Number of protein chains: 2
Amino acid sequence: MYQQVVTGKVSGISQPPASAVPAVARSGQLDALVALEQIGTRHSFSRDEEIYAEGDASECWYQVVSGAVRICKWMADGRRHIAEFCFAGDCFGLPASGTRSATAEAVGDVVVMRYPQRAADRLIDETPRLAREMYDRTLRELTQTQTHTLVLSRMTAAERLASFLLELSERRDTPRAVDLPMSRYDIADYLGLTMETVCRTFSAFKRDGIIALPTPQRVELPGRDALETMCEA
Amino acid sequence: MYQQVVTGKVSGISQPPASAVPAVARSGQLDALVALEQIGTRHSFSRDEEIYAEGDASECWYQVVSGAVRICKWMADGRRHIAEFCFAGDCFGLPASGTRSATAEAVGDVVVMRYPQRAADRLIDETPRLAREMYDRTLRELTQTQTHTLVLSRMTAAERLASFLLELSERRDTPRAVDLPMSRYDIADYLGLTMETVCRTFSAFKRDGIIALPTPQRVELPGRDALETMCEA
DNA sequence: CGCCAGTTTGACCAAGATCAACGCAAGTGG
DNA sequence: CCACTTGCGTTGATCTTGGTCAAACTGGCG
């Protein structure tokens, strides 16, 4: 059912651009990370292109340089769920087993670094600080995913959308407004709702003056406090 | 709101019993794990006792020896979500940050090993194979949690319960029947349903001959195939 | 025997899904 | 340059699943 599809305009081996460095430098482990970056290759994907598919062999993992990636799963009858959106600096496709447990797709145009599994593993095994960094990242992501299960299992549509807007606002460090690179459909599949409910809830927030929508992809947050109150866990 | 509560009949430092060893021996890293076990202490908790609370400082992590533990989160108005059930061999409370992001409670009577953070960290840092083992465990758990987000966001009540029964049956390696140490309420809060819906769905499965319920806590699975068909992802 | 906690069942209700139409802006081609 | 298409996004009407409220059942235990 899932076949490997060769995708992306591969631009060959190269150093990552300056914009990729901050996420990495933050950890203060430059020596190890320079080594890591030397084994990585830079790749571009365009809107809706598949980066890897559920069921593929996991031979490498990725870090987003620019753009956004969605990690999704399908059910046999076509129902889709988006487990996660990844933005600049986020890693994805770390292999829990030999096979991909989900599909990764470009939300818009995207640039990623790709690290071959074997070489990265070797580097990780001989660099305790890198091992620790990867471990900590994964633990943080686990915590985040567990928080998302609370959203999905117990929050109303309004609370889910509020928590989504705040999550994006915090992750991208833009407290007054949020840009939505993904479609209403993507948001719905991330929040366990339908596109229509997402729209209606956006409209309700707008009516109540909690948000403004200059364009469908730009959300201003005059009523940030209201959103925060709404989804106090 | 969440205060540290001293809980559990602490039985003092001791070696783990034989029943704790298999989970650990499986990884084939006996040297490192023996060292790990030497820094652990054994503790017992009784039904519904709190092991740690959301907001506590994370100073240690745990591994279940026997019994079951639930990891849960509350919303301000009392809505509860169970992120995870842990059984013999499972680790919990690995610290993604300095503070607990969820509460851990004993489902029934439970025995756990507790590992102080500092000592375990030191051991992990100087034992690459142990570091790798912890990292791999965490990645597997992340994958499992992401699968759970699919269940919560896109599956019907029947599909959720089917996936739950199969998950337990596989984790505990009992293909023909499942024991439920937790209440209907716990199951509901894990599956994002109400207790009543869980009951009704059990009853529907029973009516259809998919399961038998000799007692409310024991489920026999004559119709395992039907359950599998039901939640084909 | 009666109580209690957990479970089951029933009647009714509501949040969100479904189905359908409409709006709107960005192409596209004549 | 303007009709036409196309792909999202928005809104409305209706329906369904699962939630809510309430009562009855069951097994263990003082």
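For every chain, the first residue of the written sequence is number 1, and numbering continues from 1 onward in sequence order. Key to labels: chains lettered from A, ligands numbered from 1, both in the order written. Given that the model is predicted, a residue must reach a pLDDT of at least 70 before its local features are reported, and side-chain atom pairs must reach 80 or more before they are shown or counted; all residues, however, enter totals for whole chains, interfaces and linings. Here the side-chain values reflect all heavy atoms present in the structure, with hydrogen atoms and water set aside.

Novice: What should I look at first to understand the interface of chain A and chain B in this one?
Specialist: Between chain A and chain B, the contact holds 44 residues from the first and 44 residues from the second. Taken together, both faces of the contact between chain A and chain B bury some 4,100 Å²; the carbon and sulfur share is 59%. Here the buried area means the combined drop in accessible surface, using a 1.4 Å probe, for two parts upon being joined, counting both sides. By the criterion of area lost to chain B, the three top residues of chain A are A:Tyr135, A:Gln146 and A:Arg154, representing 17% of everything that side buries. Each salt bridge in this description consists of a side-chain nitrogen of Lys or Arg and a carboxyl oxygen of Asp or Glu lying within 4 Å of one another. At the junction of chain A and chain B, the tally comes to eight salt bridges. With its nearest N and O atoms 3.3 Å apart, the salt bridge here joins B:Arg132 to A:Asp121. A run of DSSP states H or I qualifies as a helix once it reaches four residues; a run of E qualifies as a strand once it reaches two. Both are numbered from the N-terminal end. The element contributing the most residues to the side of chain A that touches chain B is helix α4 (residues 128-154) of chain A, with 19 residues. We call two residues contacting when some pair of their heavy atoms lies within 4.5 Å.

Novice: Looking at this structure, how should I read the pairing of strand β8 (residues 103-106) of chain B?
Specialist: If a strand is regular, its side chains alternate between the two faces of the sheet. All names here are of chain B. Where burial is concerned, the two faces of β8 agree: the one with Thr103 and Glu105 and the one with Ala104 and Ala106 are both buried. The pairing criterion is simple: DSSP has to find at least two bridges between the two strands. Of the pairings in the sheet, the one linking strand β3 (residues 50-52) to β8 comprises two bridges and is antiparallel in character. Looking at the pairing, glutamate 50 lines up with glutamate 105 of β8. Bridging between strand β5 (residues 69-74) and β8 involves four bridges; their strand directions are antiparallel. What sits directly across from isoleucine 71, in β8, is alanine 104. Summary of the burial criterion: residues with accessible area below 20% of their type's maximum are buried, those above 50% are exposed, and those between are partly exposed, where the area comes from a 1.4 Å probe applied to protein chains only.

Novice: Looking at this structure, I do not really get the side chain of B:Gln63. What am I missing?
Specialist: All names here are of chain B. With respect to the helices and strands, the residue glutamine 63 is situated in strand β4 (residues 60-66). Of the residues examined, glutamine 63 reaches a relative accessible area of 7% and is grouped as buried. A distance of 2.9 Å separates a polar side-chain atom of glutamine 63 from the backbone oxygen of glycine 89. A 3.5 Å cut-off defines polar contacts: any pair of N or O atoms within that distance qualifies, except that in protein one atom must be a possible hydrogen donor and the other a possible acceptor, and neighbouring residues in sequence count only when both atoms are side-chain atoms.

Novice: Could you clarify how one ought to interpret the protein's contact with DNA strand D in this entry?
Specialist: Residues are counted as near a molecule or strand when any one of their heavy atoms sits within 4 Å of it. Among the 18 residues in the neighbourhood of DNA strand D, the closest are listed as A:Arg47, A:Arg184, A:Ser203, B:Thr197 and B:Arg200. One nitrogen or oxygen atom from the main chain of B:Ala157 is found 2.8 Å from a phosphate oxygen belonging to DNA strand D. In this structure, B:Glu196 approaches DNA strand D through a side-chain N or O atom, which is 3.1 Å from a base nitrogen. Secondary structure elements with two or more residues in the surface near DNA strand D: α7 (195-207) of chain A together with α7 (195-207) of chain B. Here the element with the most residues in the surface near DNA strand D is α7(A); it accounts for five residues.

Novice: Help me out: how do you make sense of the environment of A:Ala212 in this one?
Specialist: Residue and element names in this part refer to chain A. With respect to the element layout, alanine 212 can be found in strand β11 (residues 212-215). The class for alanine 212 is partly exposed, based on a relative accessible area of 26%. Along the primary structure alanine 212 and methionine 230 are separated by 18 residues, whereas in three dimensions their C-alpha atoms are 17 Å apart. Not counting residues up to four positions away in its chain, the partners in contact with alanine 212 are Arg218, Val219, Glu220 and Pro222.

Novice: Explain the sheet that holds β5(B) to me, please; I cannot follow it from the model alone.
Specialist: The strands that make up a sheet pair up through hydrogen bonds in the backbone, lying either parallel or antiparallel. All names here are of chain B. Reading across the sheet, the four strands line up as β3-β8-β5-β6 and stay open at both edges, with antiparallel pairing between neighbours. The two strands at the open ends of the sheet, each matched to only one other strand, are β3 and β6 (80-86). On average, each strand axis in the sheet is inclined to that of its neighbour by 35 degrees, with strand direction left out of account. Sitting on the sheet, helix α6 (residues 184-191) is in contact with β5 and β6, with an inclination near 100 degrees to β6. In this description, a line fitted to the C-alpha atoms serves as the axis of each element, helices being fitted only across the stretch in contact, and the angle between N-to-C directions of two axes falls anywhere from 0 to 180 degrees.

Novice: Got a minute to help me understand the domain arrangement of chain A in this structure?
Specialist: How big an interface is tends to be reported as the loss of accessible area on association of its parts. All names here are of chain A. Residue ranges assigned to the domains are those given by an automatic or database domain assignment. Segmenting chain A into domains produces domain 1 (18-150) and domain 2 (155-232). Listed as interface residues are 15 residues of domain 1 and, on the opposing side, 13 residues of domain 2. Buried area between domain 1 and domain 2, summed over both chains or domains, comes out near 1,200 Å², and the portion from carbon and sulfur atoms is 55%. Looking at the side of domain 1 facing domain 2, the largest losses of area belong to Arg80, Phe85 and Phe87, adding up to 48% of the total buried there. Summed over the shared surface of domain 1 and domain 2, the result is four salt bridges. Residue arginine 80 pairs with aspartate 186 through a salt bridge whose shortest N-O separation is 2.8 Å. Here domain 1 and domain 2 share eight residue pairs in polar contact (both at pLDDT 80 or more) between them. Contributing elements (two or more residues each) for the side of domain 1 that touches domain 2: β6 (80-86) and α4. A total of seven residues in the side of domain 1 that touches domain 2 trace back to one element, the largest contributor, which is β6.

Novice: I keep staring at the state of the cysteines and nothing clicks. Help me out?
Specialist: Working definition of a disulfide: a covalent bond connecting the sulfur atoms of two cysteines. Residues and elements named next belong to chain B. We call a pair of cysteine sulfur atoms a disulfide when they lie within 2.5 Å. All told, the structure shown has zero disulfides over all chains when counted by the stated rule. Cysteine cysteine 60 remains unbridged, with the sulfur of cysteine 91 as its closest cysteine sulfur at 13 Å. Taking relative accessible area as the criterion, cysteine 60 reaches 11% and is therefore assigned buried. Of all cysteine sulfurs in the structure, the one in cysteine 91 sits closest to cysteine 86, which takes part in no disulfide; the separation is 8.7 Å.

Novice: What exactly am I supposed to notice about the relation of the copies chain A and chain B here?
Specialist: Note that the two copies of the chain are related through a rotation about an axis and a translation along the same axis. Superposing chain A onto chain B takes a rotation of 180 degrees plus a shift of 0.0 Å along the axis, which leaves an RMSD of 0.0 Å. Expressed as a symmetry operation, the mapping of one chain copy onto the other fits a two-fold axis. Taken together, the interface assignments show that 100% of the residues at the interface of chain A recur at the interface of chain B, consistent with an identical surface on both copies. Superposing copies: least-squares fit, C-alpha atoms only, residues required to have pLDDT of at least 70 in both.

Novice: What am I meant to see in the packing of helix α5 (residues 157-171) of chain A against helix α6 (residues 184-191) of chain A here?
Specialist: Residues and elements named next belong to chain A. Contact geometry of α5 with α6 gives a least axis separation of 11 Å together with a crossing angle of 110 degrees. Between α5 and α6, the angle is such that the two are roughly perpendicular. On α6, the residues that touch Arg160, Leu161, Phe164 and Glu167 of α5 are Ile187, Tyr190 and Leu191. When the residues that make up the contact of α5 with α6 are grouped by side-chain class, the tally is five nonpolar, no polar and two charged. For classification purposes, an angle smaller than 35 degrees is called roughly parallel, one larger than 145 roughly antiparallel, one from 65 to 115 roughly perpendicular, and anything else oblique. Residue polarity follows a fixed list, in which Ala, Val, Leu, Ile, Met, Phe, Trp, Tyr, Cys and Pro are nonpolar, Asp, Glu, Lys and Arg are charged, and the others, Gly among them, are polar.

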